[in-house]
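Working through the structure, step by step
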Amino acid sequence: MAGTLAQRLDRSLSRLKGVALLPLLILAVPWVQEIVDQLVFGGRWNLPMVPGGPFLGVLTAPFSHGGFGHLISNSLWFLPLSWLVLAKSRGDYLAVWLGVYATAIPVWLFWHQASHGLSGVIYGLLGYLLLIGWLERRPLSILLSLTALFAYGGALPSLLPFLSPPGVSWIGHASGFAGGVLAALAIQRDRGA
């Protein structure tokens, strides 16, 4: 069993080497947007998901932030959580992004406030990681779930509106988390685990 776990970890780390740059490339988009926003538009060029606004806002919202502090904070969470999911597979990573976008659509249609930032994706990655170990019950999946729980479980209270700081889109966090959960359920079902 120990040899099997070690072999799976080796395969996961090998996979991760091949895609480790992907989250950095994705993260380059909001960083370029924020630099241009600050230098050219004085912080007024945001691309949020606005209620009743164009659908394009659903697609651009993760790449738009309310300043460098917001972006730095999200970057520090986004990279390690992305790498944890990518240690499993690129398909799982894509599924989380698709799940997050799918659950953002009802928020865009029915919620009364604009939102933006990578935190919805961050919570999607976290939701996926917390659930996949329980669903698959495989050593690597369990290890990823436990790592996410112990390293990032402290972020879970901000899924609740009364524990989320003022001005923070708790609904964006909750919908992203739901998207990650949906991705884990879809992946588990697809693999027949």
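Check the entry above for the structure.
Cut-offs and rules
- Residues numbered from 1 in each chain as written.
- Predicted model: local features only at pLDDT ≥ 70, side-chain atom pairs only at ≥ 80, totals over all residues.
- Heavy atoms only, no water.
- Salt bridge = Lys/Arg side-chain N within 4 Å of Asp/Glu carboxyl O.
- Buried < 20%, exposed > 50% of the residue type's maximum accessible area, 1.4 Å probe, protein only.
- Helix = DSSP H or I, 4+ residues; strand = E, 2+ residues; numbered from the N terminus.
- 1 Å grid on protein atoms, 1.4 Å probe; cavity = no way out; pocket = protein on both sides within 12 Å on 5 of 7 lines; lining within 4 Å.
- Points joined across faces, edges and corners; volume = space filled by probe spheres on them.
- Nonpolar A, V, L, I, M, F, W, Y, C, P; charged D, E, K, R; others polar.

Now for the pattern of salt bridges. Scanning all chains against the criterion turns up 3 salt bridges. In this structure, K88 engages D92 in a salt bridge whose closest nitrogen and oxygen atoms are separated by 3.5 Å. Of the two residues examined, K88 and D92, each falls in the buried class. Measuring nitrogen to oxygen at the nearest pair gives 2.9 Å for the salt bridge that ties E136 to K88. Of the two residues, E136 is situated in helix α6 (residues 119-136) and K88 in the loop between α4 (68-86) and α5 (90-110); the sequence distance between them amounts to 48 residues. Shared partners join several salt bridges into a network, and the residues in it are K88, D92, E136 and R138.

Here we take up empty space enclosed by the protein. Using the criterion set out here, one finds 1 cavity of 30 Å³ or more in the structure. Considered as a void within the structure, the largest cavity measures approximately 30 Å³ in volume. Around the largest cavity sit M49, V50, P51, V107, W108, W111, Q113 and S115, which together line it. Residues belonging to the lining of the largest cavity are distributed by class as follows: 6 nonpolar, 2 polar and no charged.

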